[in-house]
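Secondary and tertiary structure notes
Below, each chain spelled out in residue letters.
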Amino acid sequence: MANLQEKIAGLFPEATFENADVLRINIPDAKLHRLVETLRDDAELAFDFLITIVGMDWNTSLGCVYYLTSTRTKQIISVKTETTDREKPMLHSISDLYAIAGILEREVYDFFGIIFIGNPDMRRLFLDIDWVGYPLRKDYDMSDPTLNPISIESERQSDFTDTWTEDADGKVTKHERRIFAPDDFVVNIGPQHPATHGVLRFRTAVDGETIKKIDVYMGYIHRGVEKLCEDLGYPQTLHFMDRLDYFSAHNYHHGLCLCIEKALGIEAPHRAQVIRVMMDELSRIASHCLFLGTFCMDLGATTMLFYTLRVREQILDIMEKTCGARMTFNYDCIGGVLAEPDADFIKDVKELLAVLPKNVKEYNKIFTGNVIARNRMTGVGVLSHDDAISWAITGPSGRASGFACDIRKTHPYAVYNELKFEQVIRTEGDSMARFQNRVDEIMQSAGILEQLIDMYEPEGEICAKVPKVVKLPAGNWFQIVEGCRGLFGVYIESDGSNKPYRLKLATPSLNAAAVVDHITSGQKIADLITIGGSMDYIVPDMDR
């Protein structure tokens, strides 16, 4: 860390540094692009992966915090830049350095109104094209319902976007750019289409049956979770984690709890950590089973869904006994877990593990070796290793492109450093590889659960002592965990009160939907169903 700081200070004398849970580099916007480019391209530093961009309103200024990591060294750093212009705030884009930055900058623009110079597509991402104001700003007026009245009319749509460019003299000019070519034939796939797995719309330009370009429309179920959290106590924010990627509910609870616990300086008891990880891995198996069933159904193999639902229902039965729910569990809490596992918990998990190998063998027999399935998936929607990193595609989809990105291995948390398991890596990067990765990860999770059963203590503490009123000290913290679909990140900035000044959630589904245009170009319309399904995105996870 010290060597990194010395190197950056030598190259960028304007930079200042803060040492929190990760090193933060403060840099003027004029030097932002060159700094980030140096961090990415320097052979010694190699911060080639952009985790997220956190838009911020510090009252006196607007800005962004960029979280970067190196896929080689696994080190994480953050970069902060800001502008004091609140009327027309502008920062320089890094979308030419990281592909995923393009859509992350659009999210910041949507909620904070910050224009990114050089981003080729400065449209709103989630909110209506005619929305008034920027809702994550601290001066946004939520008390006036006439500001953005609910409309019964269809949303106005435009085939144009804006982009701002800067010339050699520093003059910034606004340009209008077409989304599609004037003679493109554009069809809507979604938002009411079963194969988009939620209310997601692909505006698709086609040449016959061949896809030329896809414009992804999000936001149909945007609920303003991050804004809501700013007016709630820290324990109250937890229940939203069930309502993002609802198949990763336990994993997301775990991530938010870890971030708050890091800020409080407390650690959950070892027994609670074991229970948390058992719930995480049960969730992973259930999620992958549902993926296998619904994906196969998308391709016409309806029978597979009923085979995979047997295991998923068995897991939900286990969770219902302990949590009292089958979907919105709300089980992890700050300091540990809310309740003792059911008396039959270990017995039920053992019964699940006893039948799992036979079930997975059936899945492969029914579908994986099917000649029609192989023709539909092999070589379809190929995502290269470098593109997976640039688009920040993690989880089984990233590992199917040869990207070793399992947070349980790269940045272990809870008891994962005490467990033996393998990252499932394939290099083909196609829909078949993404499918097979999830099949294989079911058995890896089963192996983790077997070890956790041996580690499980029937009695002991399930929660550390936590203050009755949770107040975090002033500062900022960042935590990443492995959700069922990939990296889930939590950023908390605190002003010392009992509510988060800013809570940012970085989810894998946004990235998975964003890359669809890139990997479907030149494919057939029928392949879009295969490719989109293989990315396994969850719409509430991207819309938040």
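Predicted, not measured: the structure shown is a model, and the values here were computed from it.

On to the confidence of the model for the chain, then. The predicted model of the chain has a mean per-residue pLDDT of 89, with 99% of residues at 70 or higher. Mean pLDDT values over the elements of the chain span from 83, in helix α1 (residues 2-11), up to 95, in strand β4 (residues 62-69).

One pass over the full model with this rule turns up 40 salt bridges. Put simply, aspartate 21 and lysine 262 hold a salt bridge, and the shortest N to O gap is 3.5 Å. One end of the pair, aspartate 21, is in the loop between β1 (16-19) and β2 (23-26); the other, lysine 262, is in helix α6 (residues 249-264), and 241 residues separate them in sequence. Between arginine 203 and aspartate 159 there is a salt bridge whose closest N-O contact spans 2.4 Å. Note that arginine 203 is positioned in strand β11 (residues 201-207) and aspartate 159 in the loop between β7 (115-117) and β8 (160-166), a separation of 44 residues in sequence. By relative accessible area, arginine 203 is classed as buried at 4%. The class for aspartate 159 is partly exposed, based on a relative accessible area of 32%. Shared partners join several salt bridges into a network, and the residues in it are Arg106, Asp121, Arg123, Asp159, Arg203 and Asp215.

What follows concerns the sheet that holds strand β16 (residues 487-494). Across the sheet, which stays open at both edges, the three strands sit in the order β15-β16-β17 with antiparallel pairing between neighbours. With one partner strand each, in any of the chains shown, β15 (475-482) and β17 (502-506) form the two edges of the open sheet. Across the sheet, the mean angle separating the axes of adjacent strands is 10° when strand polarity is ignored.

For lysine 74, which is not glycine, the phi torsion reads 70° and is therefore positive. Along the chain, lysine 74 turns up in the loop between β4 and β5 (76-83). Residue class for lysine 74 comes out partly exposed when judged on its relative accessible area of 27%. With a phi angle near 60°, aspartate 536 is a residue other than glycine that sits in the positive phi range. Tracing the backbone shows aspartate 536 in the loop between α17 (525-535) and α18 (539-543). Accessibility expressed as a relative area gives 8% for aspartate 536, which makes it buried.

Rules used in this analysis
Residues numbered from 1 in each chain as written. Predicted model: local features only at pLDDT ≥ 70, side-chain atom pairs only at ≥ 80, totals over all residues. Heavy atoms only, no water. pLDDT = per-residue confidence, 0-100. Helix = DSSP H or I, 4+ residues; strand = E, 2+ residues; numbered from the N terminus. Salt bridge = Lys/Arg side-chain N within 4 Å of Asp/Glu carboxyl O. Buried < 20%, exposed > 50% of the residue type's maximum accessible area, 1.4 Å probe, protein only. Pairing = 2+ DSSP bridges. Axes fitted to C-alpha atoms, helices over the stretch in contact; angles between N-to-C directions.

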